[in-house]
Amino acid sequence: MAPHATENDTIEGFNGNGTEPVNAGEAPLEPGVKKSVAQGKMIEFPRPPKFDDKYKERDYLKGRLAAAFRIFGKYGFDEGVAGHITMRDPVEPTSFWVNPFGVAFSHINKSDLIRVNAEGKVVDGGDVRLLNTAAYMIHHAVHVARPDVLCAAHSHSIYGRTWCTLGRKLDTITQDACAFHDDHVTYNSFNGVVLVEKEGKDIAACLGNKKAALLQNHGILTVGKTIEEAVFWFVSMEKCCHSQLMAEAAAAYTGQKLVIIDDEQAEYTKRTVGSPAAGWFNAKPMFDVVHRETQGSYLQ
């Protein structure tokens, strides 16, 4: 906390050390700023809805998950039948909802989604009840290891999978990359399509408490406390991979070195651009666009 600021005088929206927004509806400000200084400068941000009824929450979240697939389709993150996004079920948290295997991301509706239990059995959902085994192995392990994670997203996006051939983390070279500063890992192993339980558990163990993993020779995996957060981290990390690939090519051509943001500034910036609240809010416009463009048809 900043000198001369008491706990009661600190802006609501950050905890005592300023590393995590407490109130997702308040604008991120410098940790330790006094309320008297910031008076009149706070912005009332939209925030995720809260539900007393778990069945109503399930129905709402299924709609958001369907929209997430529409976003992935819109951004070209589909590759044949590869890729999956999962949502922990609020009614039966040991199960999760996922896309049916072989249905195009751009066509997925809420009613198409399938629910998978802890044993990998499809127990609810649409007419197409094919389950991608890799989706179960990876996502089940992540959901078990991370009770805080509502949503996990993975696909074979072009820049993500290209960067993952290098087997190393992204450098913090842009403001956007600060969101992933010391908050992503590389899973330096490739054993083909993930069809065995051990591989999924190894990926989850490598991810630890981070928001993203770069799976060597494979692609990006992101997680979030909301569906929107996980989707935004995926979109942003894909663009960071693209940015660094171009930056390194330019540096190699000109003989210059990349300018890396120092740890202190990167950590400071991450407090604003890398929080769960920031992830949710950054994704909101993408969900709004899909809703308007489809006139809400994905909610069927």
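The structure this text deals with has already been given above.
Predicted, not measured: the structure shown is a model, and the values here were computed from it.

Novice: Which parts of the structure should I look at to understand the packing of aromatic side chains?
Specialist: Any two aromatic rings considered together are summarised by their centre-to-centre distance and by the angle between their planes. Tallied over the full model, the rule gives nine aromatic pairs. Pairing Phe51 with Tyr60 gives two aromatic rings, centres 5.4 Å apart and planes at 40°, and the pair type is tilted. For Tyr60, a relative accessible area of 29% gives the class partly exposed. Members of the aromatic cluster, connected to one another through ring pairs, are Phe69, Phe72, Tyr75, Phe77, Phe105 and Phe234. Its guanidinium or amino end placed over the ring of Trp97, Lys62 lies 4.2 Å from that ring's centre, counting from NZ or CZ.

Novice: I tried to follow the pairing of strand β8 (residues 219–224) on my own but got confused; where do I start?
Specialist: Each regular strand displays side chains that alternate between the two surfaces of the sheet. Within β8, six of the six residues are buried, which leaves it mostly tucked inside the rest of the structure. Here strand β5 (residues 151–155) pairs with β8 via five bridges, running antiparallel. Among the inter-strand pairings, Ser155 is bridged to a residue of β8, identified as Ile220. Of the pairings in the sheet, the one linking strand β7 (residues 212–215) to β8 comprises four bridges and is antiparallel in character.

Novice: Looking at this structure, how should I read the packing of helix α3 (residues 133–145) against helix α5 (residues 197–207)?
Specialist: A packed helix pair is summarised by two numbers, namely the angle formed by the two axes and the spacing between the axes. The N-to-C vectors of α3 and α5 enclose an angle of 45°; their axes lie 8 Å apart at closest approach. Here α5 runs oblique to α3, going by the angle between their axes. Between α3 and α5 lies a crossing of right-handed hand. Along the contact surface, α3 presents Met137, Ile138, Ala141, Val142 and Ala145, while α5 presents Glu197, Gly200, Lys201, Ile203, Ala204 and Leu207. Taken together, the residues of the contact of α3 with α5 sort by class into eight nonpolar, one polar and two charged.

Novice: Whenever I open this one, unusual backbone geometry confuses me. Can you help?
Specialist: Peptide bonds are trans in most cases, and residues, glycine excluded, mostly fall at negative phi. In this structure, Asp182 is a non-glycine residue whose phi angle is positive, near 55°. Among the secondary structure elements, Asp182 is positioned in the loop between α4 (158–163) and β6 (184–187). A positive phi angle, close to 55°, is found at Gln295, a residue other than glycine. Tracing the backbone through its elements, the reader meets Gln295 in the segment after α8 (276–294).

Novice: Could you clarify how one ought to interpret the sheet that holds β7 in this entry?
Specialist: Paired through their backbone hydrogen bonds, the strands of a sheet run either parallel or antiparallel. Pairing in this open sheet of eight strands is mixed, and the strands run β4-β3-β2-β1-β5-β8-β7-β6 from one edge to the other. The sheet is open, and its two edges are formed by β4 (122–125) and β6, each paired on a single side. Averaged over neighbouring strand pairs, the angle between their axes works out to 20° when direction is ignored. As paired elements, strand β1 (residues 84–88) and β5 share four bridges and run antiparallel to each other. Paired with Ile85 across the strands is Ala153, a residue of β5. Strands β6, β7 and β8 of the sheet are contacted by α5, whose axis makes an angle of about 145° with β6.

Novice: Got a minute to help me understand the side chain of Thr226 in this structure?
Specialist: Secondary-structure assignment places Thr226 in the loop between β8 and α6 (227–254). According to the relative accessible area criterion, Thr226 is buried, its value standing at 16%. In terms of polar contacts, Thr226 uses its side chain to reach the backbone amide nitrogen of Glu229, at 3.0 Å. Sequence-distant contacts of Thr226, that is, excluding residues within four places in its chain, are made with Pro48, Leu150, Cys151 and Trp280.

Novice: What am I meant to see in the packing of α6 against α8 here?
Specialist: Running from N to C, α6 and α8 point in directions that differ by 80°, and their axes come no closer than 7 Å. Our classification of the angle between α6 and α8 gives roughly perpendicular. The residues of α8 that touch α6, namely those facing Ile227, Glu228, Glu229, Val231, Phe232, Trp233 and Val235, are Pro276, Gly279, Trp280, Asn282, Ala283, Met286 and Phe287. Considering only residue class, the contact of α6 with α8 consists of ten nonpolar, two polar and two charged.

Novice: Mind showing me how you'd approach the environment of Lys74 here?
Specialist: Note on placement: Lys74 falls in helix α2 (residues 54–74). You can call Lys74 partly exposed: its relative accessible area is 47%. Separated by 216 residues in the primary sequence, Lys74 and Val290 place their C-alpha atoms 8.6 Å from one another. Apart from the residues lying within four places of it in its own chain, the contact partners of Lys74 are Ser106, Val289, Val290 and Glu293.

About the thresholds
- Residues numbered from 1 in each chain as written.
- Predicted model: local features only at pLDDT ≥ 70, side-chain atom pairs only at ≥ 80, totals over all residues.
- Heavy atoms only, no water.
- Phe/Tyr/Trp six-rings, centres within 6.5 Å; stacked < 30°, edge-to-face > 60°.
- Buried < 20%, exposed > 50% of the residue type's maximum accessible area, 1.4 Å probe, protein only.
- Lys NZ or Arg CZ within 6 Å of the ring centre and 35° of its normal.
- Helix = DSSP H or I, 4+ residues; strand = E, 2+ residues; numbered from the N terminus.
- Pairing = 2+ DSSP bridges.
- Axes fitted to C-alpha atoms, helices over the stretch in contact; angles between N-to-C directions.
- Parallel < 35°, antiparallel > 145°, perpendicular 65-115°, else oblique.
- Left-handed = near helix turned anticlockwise from the far one by under 90°.
- Contact = heavy atoms within 4.5 Å.
- Nonpolar A, V, L, I, M, F, W, Y, C, P; charged D, E, K, R; others polar.
- Polar contact = N/O pair within 3.5 Å; in protein donor to acceptor, adjacent residues only side chain to side chain.

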